[in-house]
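Per-entry structural report
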Number of protein chains: 2
Amino acid sequence: MTIHVSARANIALTKYWGKSDRALNLPAVPSLSLTLDALETETSVSFIDAVDDYIEINGAIATGRPRARVVEHLDRFRAIARSDRRLSVVSTNRFPTAAGLASSASGFAALTVAVDALFELGLNREELSSHARRASASAARSVFGGFVELPAGSAGDDSLGAREIVLTPPWELAMLIAIVSGREKATPSTEGMERTRETSPFYRAWVEAAPGFHQQALHALAARDLHALGRAMERSTFAFHASAMAADPPIVYLSPSTLSLIGAVHELREKLPPAYMTMDAGPNLILLVEAPHAERWLHALRERPEIESIVSSGIGEEARIVG
Amino acid sequence: MTIHVSARANIALTKYWGKSDRALNLPAVPSLSLTLDALETETSVSFIDAVDDYIEINGAIATGRPRARVVEHLDRFRAIARSDRRLSVVSTNRFPTAAGLASSASGFAALTVAVDALFELGLNREELSSHARRASASAARSVFGGFVELPAGSAGDDSLGAREIVLTPPWELAMLIAIVSGREKATPSTEGMERTRETSPFYRAWVEAAPGFHQQALHALAARDLHALGRAMERSTFAFHASAMAADPPIVYLSPSTLSLIGAVHELREKLPPAYMTMDAGPNLILLVEAPHAERWLHALRERPEIESIVSSGIGEEARIVG
């Protein structure tokens, strides 16, 4: 029997940066994200008769740290299922991972849902999200569709999972993900978080300020106030980047192309419908817009020399079994 | 009688950002600077029979805020001298101010020394520095030559002035000032400081951390340890920029060209003698090197497309009467 699961990546509006518990991978700050339809990962799992797990990601056999992260996740489920069976895991991203889009969120969300089904554990969504968190905090959010909140976790609280914020009727927002050219090697986010926590004089202030941005975003979401939501997102974004920039040595995720594009967006805002910016732990720039306006922004940005490729996406659904 | 004074601009190694007293222009954090020989301003003052002061800066009659700042400075001296005489002030920068180098430090240092002489007040250096501070905190440092410290000021302490840190024999350092292309209009520093103080969640942490960077720099200076001095300078620099980046709206002084140049310096460091970076409230990049190595860095950077012009400078002397 093979279980096929589809899951989607998400982009945080209020940013996750910093862990309160490294071993349990608990975030020190709350985050709010939007699951994105266009960023899909499909993962298939089955039992195999073999000494080792078989892990294939995007058509290549995984080795090193990427393989180890998957095997550790499988080990956690084997412990729950009291099983020592080996698995085949074949995961494929339907979006350009090489271009710098993180796939661990969708990948581990899909894997979590798939392995739960394969072992017939019957975990509920909250439990699935909590398990996904151990592998990747953003994966905890990708278990759900739409707007998703992952609260901050207290050290030791292994039950922490995300929750969906249901809006009825839905609020049709969209995101444009601009992959910028010039990919200097970025500091991996786990390493960046640790360096920020250990050396940035602003880390404590970041952890204290982040819940305020998060609350502003939640209120804006409830009020469907795009301007307030966008402002909270931008404040969270720049504060996160600033906390990292003050680390020793400094962590600067923004590239010359990112800064140039930020300037371009400021100018385009004068004549286009509202759009708000965020940047993750890398140089790409993501815009939050109302869905009917995505096309105009896509058109305006498409020819910018800083952009290598650009993806427009509506809101994505929760991770689910597709076969 | 006309008094001619020459003064030089300075570049802060540990950064001044934030005021503890706006009215008295007192800095909330200590700063350490190097007065630079190549950045010279010459200012001539004399009494005139006129209703208003005559203020000429770089060949043009000053108006608006630049004129008002000079007249306010003259008013403070008229109050001390119990005089209501009007003055002619003619000030000329011997370096490219249009290219983004601040001239208020050298300009107000020269003006302070000149007006003291014209009114025959006989103020000592510390008093001159304190008076210059009212017009511009960096001018308080440019009253002195070489390495200069301006302590943080407590609200109300109008006597605060800078002091020279005398090194015997001198330590022959140099700075390269790279004027980068693409001059987006920057937030003026006084406005940037106020916005940071009022809205940045990191301002308090900046004010708390800055004295530590400053002490590291002072110890490095005493030990003539360029690496330690450069590291303290870079930590102060990135923390200052990060504190501003977290303001609302964000203040980003670094331009795409600055970031590109920072990357280039990181690469050049692999094969060139040590050099350390700082950036003021604008996009220009300044390197601190040992004087014998300035030429190699100048040569390596000169052809970079991000740079519009580049100035190499040794250590400058105190503001002094030249005729």
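**With respect to the sheet that holds strand 10 (residues 173–180) of chain B**
Residue and element names in this part refer to chain B. The strand order across the open sheet formed by four strands is 11-12-10-13, and the pairing between neighbours is antiparallel. Single-partner strands in this sheet number two, and they are strand 11 (276–278) and strand 13 (307–313). Across the sheet, the axes of successive neighbouring strands diverge by a mean angle of 25 degrees, strand direction being ignored. Note that strand 10 and strand 12 (residues 285–290) share six bridges and pair antiparallel. Opposite M175, over in strand 12, you have L288 as the bridge partner.

**Brief notes about the relation of the copies chain A and chain B**
After a rotation of 180 degrees and a shift along the axis of 0.0 Å, chain A superposes on chain B with an RMSD of 0.0 Å. These values place the two chain copies in the arrangement generated by a two-fold rotation axis. Interface residue correspondence from chain A to chain B reaches 100%, placing this contact among same-surface, isologous pairings.

**Details of the side chain of B:N10**
Residue and element names in this part refer to chain B. Mapped onto the fold, N10 is located in strand 1 (residues 2–14). Among the polar contacts listed, one links the side chain of N10 to the side chain of R141, at a separation of 2.9 Å. A distance of 2.8 Å separates a polar atom in the side chain of N10 from a polar atom in the side chain of S142. Apart from residues lying up to four places away in sequence, N10 is in contact with S33, L34, T35, L36, A105, S138, R141 and S142.

**Focus: the environment of A:G316**
All names here are of chain A. Along the chain, G316 turns up in the loop between strand 13 (307–313) and strand 14 (320–321). Overall, G316 belongs to the buried group, its relative accessible area being 5%. In sequence terms G316 and K271 are 45 residues apart; their C-alpha atoms lie 29 Å from each other. Residue contacts for G316: discarding those within four places in its chain leaves R8, T35, L36, D37, G145 and G146.

**Notes on the packing of helix 1 (residues 64–81) of chain A against helix 2 (residues 104–118) of chain A**
All names here are of chain A. Contact geometry for helix 1 and helix 2: axes closest at 11 Å, N-to-C directions at 30 degrees. One way to sum up the angle between helix 1 and helix 2 is to call them roughly parallel. Seen from above, helix 1 lies across helix 2 with right-handed handedness. Residue-level contacts link R69, V70, H73, L74 and F77 of helix 1 to S104, F108, L111, T112, V115 and D116 of helix 2.

**Re the domain arrangement of chain A**
A common way to report how large an interface is uses the accessible area buried once the components associate. Residues and elements named next belong to chain A. Split by domain assignment, chain A resolves into domain 1 (2–169) and domain 2 (173–313). The centre of domain 1, based on its C-alpha atoms, is set 23 Å off from the matching centre of domain 2. Listed by partner, the interface residues are 30 residues for domain 1 and 41 residues for domain 2. The largest contributions to the domain 1 side of the interface with domain 2 come from L13, K15 and W17, which together make up 29% of the buried area. Joining domain 1 to domain 2, the criterion identifies two salt bridges. In this structure, R22 engages E194 in a salt bridge whose closest nitrogen and oxygen atoms are separated by 3.5 Å. Where domain 1 touches domain 2, the interface holds 10 residue pairs in polar contact (both at pLDDT 80 or more). In the side of domain 1 that touches domain 2, the residues fall into 20 nonpolar, five polar and five charged.

Conventions used here
Residues numbered from 1 in each chain as written. Chains lettered and ligands numbered in written order. Predicted model: local features only at pLDDT ≥ 70, side-chain atom pairs only at ≥ 80, totals over all residues. Heavy atoms only, no water. Pairing = 2+ DSSP bridges. Helix = DSSP H or I, 4+ residues; strand = E, 2+ residues; numbered from the N terminus. Axes fitted to C-alpha atoms, helices over the stretch in contact; angles between N-to-C directions. Least-squares fit on C-alpha atoms with pLDDT ≥ 70 in both. Contact = heavy atoms within 4.5 Å. Polar contact = N/O pair within 3.5 Å; in protein donor to acceptor, adjacent residues only side chain to side chain. Buried < 20%, exposed > 50% of the residue type's maximum accessible area, 1.4 Å probe, protein only. Parallel < 35°, antiparallel > 145°, perpendicular 65-115°, else oblique. Left-handed = near helix turned anticlockwise from the far one by under 90°. Domains from an automatic or database assignment. Buried area = accessible area lost by both parts, 1.4 Å probe. Salt bridge = Lys/Arg side-chain N within 4 Å of Asp/Glu carboxyl O. Nonpolar A, V, L, I, M, F, W, Y, C, P; charged D, E, K, R; others polar.

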